[in-house]
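Commentary on secondary and tertiary structure
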Amino acid sequence: MDENIFLNDDRVDGIEKVTGRAKYTADQHIDNIAFGVFVTSTIARGAIKNLLIAEAKNSPGVLDIIYYQNCPPVPGYRPHDKELNKRGFEWQGLKVFNNNIVYHYGQPIALVVADTWEKAVKAAKLVKAEYITDAFETDFEKLRKDESKLKKIGEYKRGEPDAYKKAEVFVEAEFFTPIETHNPMEMHATIAIWEGDDKLTVYDKSQGPKGTQSQLARCFGLEEKNVRVVTEYVGGAFGASLRSWPNVPAAVIAAKKVKRPVKVLLNRRQMFSMVGYRPQSWQKISIGATREGKLMGITHHAVSNTSRYEDYREGIVNASQFLYDCPNVNTSYKILPLDLNTPTWMRGPGEATGAFALECALDELAHKLNIDPVELRVKNYAEMHPVSKLPWSSKFLKECYDAGREKIGWNKRPAIPRSLKEEGMLVGYGMGGGVFGAGRGNAAVKAILKKDGTLTLQSAVSDMGPGTATAMVKIAEGIMDMPASKIRFQLGDTDFPPGPTQGGSTTTSTLGNGVSLVCNALKKNLKELAITNVASFKTLSADDIEIKNEQLISKKDNTVKISLSELVNSSGKEQVEIIQESGRAAAEAQKYAMNSFSAHFVKVHVDPATGAVKLKQIIATGDGGKIISEKTARSQMIGGAVGGIGMALTEEVLIDHTTGKYINDNLGSYHVPLHTDVPHIDTWFPNKPDPVINSTGAKGVGEIALVGFAAAVANAVFNATGKRLYKLPIKPEDLMS
C-alpha cells in the first residue's frame, strides 16, 4: 500500500489503526510472560471463610494463585505502617487481595497466574470459595427514600430557596436515570514487568500515564523515576481509564511474586463489576417563571449511588446553578452507599445526568407557557456567570441555537404535540443545551528538530481516541509552517516530558498551549543558531528573520535563506532539542468564567402502534473555542451524539436485588446503539477562538458532545406523542402505557 496517499488525511495515526499495526496494551509482546485471570466473588456482601485452591494449584501450567492469605505486603495498602510505607500514601479504591472482606458481587478475590491464558482461565474455574454472608443492599430506588442512609455532599443557595413556588407558572418533576456502564472496544489490561526489586515497567490502558506512574510509585514504595508507564494506544475510555482498577495493582503484585512479567486482561463481564460506571440517579427539579418566560426560581435536588467502600460524587446539580440567568436557585446533592463496585466518571460526568432533568424541565415549562423552547432559553441567557459573577472568557451559545434551529428545520416543529405525521409516523422535534468546564492544566512538551528536517514532539499524554496527536501536529504545522507529513507527535510514555491526564475536555487546551510554547521557543532558538553559525545571518537580528516553508529567510533580503535541515547540519549537532512547560490558567480563572457550551437538536419518528422511537436527524452544535482539527472535532460530536442515543434509548444496567448480581453484564443484553439506531449526524461550531484560556484559543468539545443530548431526544418524543417521560432509557412500553 502506498501510504503517501494518506498524508493529507487529518488523522496522523489513521494508517496504524486501520491496518492493525497500532498496539494496544494487550497486544504488547513480552518475552516469558505469564497470564493472570481473576476469580470473582459470588456473594454481594460478607467475607471469605475459606478459599479452596488445591485443585486449581495443581492444574497444568499454574504458577501461583494469589489471594488475601498469601499476598505480599503492599506499602500503599498499609498507610499507617511507617516501616513499610514511609510516605503515608494510601491506595484509593479496592485494595485487591488485602483482606477477606467482600464488598460486592463480582469482586476479584483471587488471581490465578499460569504460563498461558487458556490454562489460567481453566484453573480459575476450579477455585471455590466458602463465605460468611451478610445482608446486602443494592436497590437504589427503595433505599434512596431512607434519609438515614444518605450522605450529604453539598448545598447551594442564591436568593430565596424554593422561590419557584411564588412564580406565576412553575413545573415540578422527578427524573430517573439508570446505571450505565463503560463498554469500550478495548477492555482493560495491564502488563507488569519488574527489573529487580526497585524498577517497574507497566503497560496499561490509562488516560493519564503520569498519574498512573505516580500512584504505582507511591503504592509500591518506589522512586517515581524507577516506574515507567506505557500507553501507546487506548481503544476508547471517556472516563473509564481516569483511574486504576484492580487489574493494575494485581498485575504488579503477581509479577513481583512469580518473578516474571504478568498480563492481566479483564473480560467483558468483569468490565461491569470491576470498572466504574455512570451512577444511578434520582432528581427532583422545580422551575418557576413569569408568564413572559423570565425565570424566577430553580430548585434542584439529586441523589446518586456510590460503593460501600468509597465515596464517589459528581456535579449533577451544578449546571442548574449557572447555565441560565435566574435570581433564586437552591440545590442539594447526596450520595447513597450500596453494595456495588464504585462508579466513576463517564462522558459528561454529572452534567450529562443533571442536564437531562434541567433541559426536560425547561421544555415542560416552555410548553406550559406556550413559548418556543429555544426562545425561553434566549430570554434567560446568562451574559455573565450567575454564581461567580465573572464574565465568560467566551460564549457563543446563541450562535449554536441559531445554527441548530436552521439546520434541523425548527420552523417545522409543531407547537401542539402529536399534531404532525410523516410516513405514518408521529413526528417530533426537540432540543437540549449543554455546558461543561473549560480549563488549562500543566503540561511539558519536548521538540526535536533532526538533521533531516523532521520535527518530533513528545509528551507523556495518552490518546483515547479524540485525535490528540492529530490536533498537536496541526498546531505545530501552523506555527512552524512546515508540512504535517514531516511532524510526528509521540505520546503515551512516562519517559517523555510530563503530559496531562486526558479527561474533562482539557487536553487540547492544555497540551496545545504547550505545543504552541515549545514551537515558538524552537523558532527563537533556530534564529539564534542561524545568527551564531551561518555567515550570511550574522548581521541580522532575530526580528529580521522569519521561518516559513521549512526555511529561515531574511526579511531584508529574501535571497538570504537556509533550510531547517541545513541549519541543523551547519551547527554540528545531530538535532536541536528544547523543552517548554505550560502552566495552569490560574490567573485567568480568577478573572473569567471558562466553559464550553452545546445545543443539540433532534427529529424523531414514533410509531403510534408500537411506541418505537426512531431518530431521523441530529444536529450537534458546540462552542468549543477555536477548532484545531475539523475532522476530529466533528468525530467528537458524532461520538457524543451516539453515546447520547444510548443514554436516551438503550443503555441500562439491570441488577438482581435478590443476589446483588448484574443481570445483563454482556453486550448481548446490555444494549449499546447499533448502526441502524444512528441517523445522519450534522455538526456545527462557531469556531471562534477563546481569547483568554490559552494561546491556541481552543476550549474543548468532548463532554459537551453528550451533555444535553438525552434531553433533546426526550423533548422530541414529547413533541411527537404528547407524553412526557421522566425515566431513561425511553422504552416503547412506557409510551404505550
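Residues numbered from 1 in each chain as written. Predicted model: local features only at pLDDT ≥ 70, side-chain atom pairs only at ≥ 80, totals over all residues. Heavy atoms only, no water.

**A word on the overall build of the protein**
A tally of helices and strands in the protein yields 18 helices and 31 strands. Whereas a compact globule of 737 residues would reach a radius of gyration of roughly 27 Å, the protein reaches 28 Å, a difference of no more than 12%. For the protein, the proportion of its 737 residues judged to be buried stands at 61%. In the protein, of all internal contacts separated by at least 6 residues, the share reaching a separation of at least 24 is 79%. (Helix = DSSP H or I, 4+ residues; strand = E, 2+ residues; numbered from the N terminus. Rg over C-alpha atoms; globule rule 2.2 N^0.38 Å. Buried < 20%, exposed > 50% of the residue type's maximum accessible area, 1.4 Å probe, protein only. Contact = heavy atoms within 4.5 Å.)

**Observations concerning unusual backbone geometry**
The peptide bond linking Leu-728 to Pro-729 adopts the cis configuration, its omega dihedral lying at -5 degrees. Secondary-structure assignment places Pro-729 in the loop between α17 (709–721) and α18 (732–736). Unlike most non-glycine residues, Asn-370 shows phi in positive territory, near 60 degrees. Relative to the helices and strands, Asn-370 is located in the loop between α9 (351–369) and α10 (373–379).

**Quick word on the pattern of salt bridges**
Tallying each qualifying case throughout the model produces 37 salt bridges. Note that Lys-257 is salt-bridged to Asp-64, the shortest N-O span being 2.6 Å. Pair noted here: Lys-257 is in helix α6 (residues 247–258) and Asp-64 is in strand β3 (residues 62–66), with a separation of 193 residues, a long-range link. The exposure class of Lys-257 is partly exposed, given its relative accessible area of 26%. (Salt bridge = Lys/Arg side-chain N within 4 Å of Asp/Glu carboxyl O.)

**What to know about the sheet that holds strand β2 (residues 46–52)**
Pairing is antiparallel across the open sheet formed by 3 strands, whose spatial order is β4-β2-β6. Only two strands of the sheet have a single partner each, and these edge strands are β4 (101–102) and β6 (128–133). (Pairing = 2+ DSSP bridges.)

**A look at the nonpolar core**
Ile-287, Leu-295, Leu-365, Val-602, Val-713 and Ile-730 are the most contacted members of the largest nonpolar core, which totals 76 residues. Considering each element in turn, this core owes the most residues, 11 residues, to α9. Contacts of Ile-287, omitting those with residues within four sequence positions, involve Tyr-164, Val-169, Phe-170, Val-171, Leu-295, Gly-297, Ile-298, Leu-358, Ala-361, Leu-362 and Leu-365. (Core = buried A, V, L, I, M, F, W, Y, C linked by side-chain atoms within 4.5 Å.)

**Considering the pairing of β2**
Judged from the 2 bridges that link them, β2 and β4 form a sheet pairing that is antiparallel. By the bridge assignment, Ala-47 is partnered in β4 with Ile-101. Where β2 meets β6, 6 bridges bridge the pair, whose relative direction is antiparallel. By the bridge assignment, Ile-48 is partnered in β6 with Tyr-131.

**As for the sheet that holds strand β25 (residues 561–563)**
With antiparallel pairing, the 3 strands of this open sheet are ordered in space as β23-β24-β25. Only two strands of the sheet have a single neighbouring strand rather than two, namely β23 (545–548) and β25. When the angles between neighbouring strand axes are averaged without regard to direction, this sheet yields 20 degrees. Where strand β24 (residues 551–554) lies against β25, 3 bridges are found, and the strand directions are antiparallel. Of the residues in β25, the one forming a bridge with Ile-553 is Lys-561. (Axes fitted to C-alpha atoms, helices over the stretch in contact; angles between N-to-C directions.)

**A closer look at the packing of helix α16 (residues 630–650) against α17**
Helix-helix packing: each pair is described by the crossing angle between the helix axes and the interaxial distance. Packing of α16 against α17 brings their axes to within 8 Å, and their N-to-C directions diverge by 55 degrees. Judged on the interaxial angle alone, α17 and α16 are oblique. Handedness of the α16/α17 crossing: right-handed. Contact residues: Ala-641, Gly-644, Ile-645, Met-647, Ala-648 and Leu-649 in α16; Phe-709, Ala-710 and Val-713 in α17. Looking at the contact of α16 with α17 residue by residue, the classes come out as 8 nonpolar, 1 polar and no charged. (Parallel < 35°, antiparallel > 145°, perpendicular 65-115°, else oblique. Left-handed = near helix turned anticlockwise from the far one by under 90°. Nonpolar A, V, L, I, M, F, W, Y, C, P; charged D, E, K, R; others polar.)

**Observations concerning α9**
Taking 1.5 Å per residue, 19 residues should reach 27 Å; α9 reaches 26 Å between its end C-alpha atoms and fits that length. Counting buried residues along α9, 17 of its 19 residues qualify, which places the element largely inside the surrounding structure. Positive phi appears at Asn-370, one or two residues downstream of α9, with a value of about 60 degrees. (Expected span 1.5 Å × (residues − 1).)

**Digging into the packing of aromatic side chains**
Applying the stated criterion across every chain, the model contains 14 aromatic pairs. With 5.2 Å between their ring centres and 70 degrees between their planes, Phe-175 and Tyr-726 make a pair best called edge-to-face. Note that Phe-175 is positioned in strand β8 (residues 169–177) and Tyr-726 in the loop between α17 and α18, a separation of 551 residues in sequence. Judged by its relative accessible area of 0%, Phe-175 is buried. With a centroid separation of 5.3 Å and 85 degrees between ring planes, the pair formed by Trp-392 and Phe-597 is classed as edge-to-face. Separated by 205 residues along the polypeptide, Trp-392 in the loop between α10 and α11 (397–408) and Phe-597 in strand β27 (residues 595–606) bring together distant segments of the chain. The class for Trp-392 is buried, based on a relative accessible area of 9%. Phe-597 gets classed as buried once you look at its relative accessible area, which sits at 0%. (Phe/Tyr/Trp six-rings, centres within 6.5 Å; stacked < 30°, edge-to-face > 60°.)

**Some points on the confidence of the model for the protein**
Detailed reading of the predicted coordinates is not advisable wherever pLDDT is low. Mean pLDDT over the protein: 96, with 99% of residues reaching 70 or higher. Across residues 1–9, confidence stays below pLDDT 50; counting only partners more than four residues off in sequence or on other chains, it has 6 contacts. (pLDDT = per-residue confidence, 0-100.)

**Thoughts on the pairing of strand β22 (residues 487–490)**
Sheet topology places strand β21 (residues 455–458) next to β22; 4 bridges connect them, and they run parallel. When the sheet's bridge partners are listed, Leu-455 is paired in β22 with Ile-487. Note on the crossover from β21 through helix α12 (residues 468–480) to β22: the handedness is right-handed. (Right-handed = clockwise from strand over helix to strand, strands pointing away.)

**A word on the packing of α12 against helix α13 (residues 507–533)**
One can describe the packing of α12 onto α13 by two numbers: an axis separation of 9 Å at closest approach and a directional angle of 35 degrees. Helix-helix and strand crossings are classified by hand; for α12 and α13 the assignment is right-handed. For the pair α12 and α13, contact is made by Thr-468, Met-472, Ile-475, Ala-476, Ile-479 and Met-480 and by Thr-507, Thr-508, Leu-511, Gly-512, Val-515, Ser-516, Cys-519, Asn-520, Leu-522, Lys-523 and Leu-526, respectively.

**Considering the state of the cysteines**
Under the criterion given, the structure shown has 0 disulfides. Free of any disulfide, Cys-326 has its nearest cysteine sulfur in Cys-360, 18 Å distant. Owing to a relative accessible area of 1%, Cys-326 belongs among the buried residues under this scheme. The closest cysteine sulfur to the non-disulfide-bonded Cys-400 is located on Cys-360, 19 Å from its own sulfur. (Disulfide = S-S within 2.5 Å.)

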